[in-house]
Amino acid sequence: VMELKVAAVAGTTDKNDIFISIEPSSQGIEISLKSKVMEQFGDNIRETIENTLKDMGISSAKIEAEDNGAVEVVIMSRVQTAVMRSAQSTKYIWK
């Protein structure tokens, strides 16, 4: 289980990317999402973020995400990077 220690960010607001901001929380998973494709893909983006956090053992975090059309693997990698930075860890086990 990874422990979030500090606020961290990953990604950009460029086209086909997503900007992720994460910080420790004791309130469970809170996700604030902005996306130009919210109507079509908002639920999918939120689910990808939640599943990536769960896969990394994160049960509490405050996330702000600004999506610009990122595909699922980009969303996953940005969330993973933000978590690693927040946990101040370099010990990621790639699948």
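Here's what I pulled together on the structure shown here. All values reported here derive from a predicted model rather than from experimental measurement.

Structural notes on the nonpolar core
Core analysis: the largest hydrophobic core is formed by 23 residues, its most contacted members being I20, I22, I49, L53, I63 and V83. Broken down by element, the residue count for this core peaks at 5 residues, all from helix α2 (residues 72–87). Every residue in contact with I49, bar those within four places of it in the chain, is listed here: I20, I31, I63, A65, I75 and V79.

Considering the sheet that holds strand β1 (residues 8–10)
If you trace the 4 strands from one edge of the open sheet to the other, you get β1-β2-β4-β3, paired in mixed fashion. Two strands lie at the open edges of the sheet, namely β1 and β3 (29–35), each paired on one side alone. Adjacent strand axes in the sheet meet at a mean angle of 15°, parallel and antiparallel pairs treated alike. As judged from the 7 bridges shared by β3 and strand β4 (residues 61–67), these two strands associate in the parallel manner. Directly across from S32, in β4, lies its bridge partner E64. Those strands touched by helix α1 (residues 38–55) are β2 (18–23), β3 and β4, and its axis lies near 145° from that of β3.

Calculation rules
Residues numbered from 1 in each chain as written. Predicted model: local features only at pLDDT ≥ 70, side-chain atom pairs only at ≥ 80, totals over all residues. Heavy atoms only, no water. Core = buried A, V, L, I, M, F, W, Y, C linked by side-chain atoms within 4.5 Å. Buried < 20%, exposed > 50% of the residue type's maximum accessible area, 1.4 Å probe, protein only. Helix = DSSP H or I, 4+ residues; strand = E, 2+ residues; numbered from the N terminus. Contact = heavy atoms within 4.5 Å. Pairing = 2+ DSSP bridges. Axes fitted to C-alpha atoms, helices over the stretch in contact; angles between N-to-C directions.

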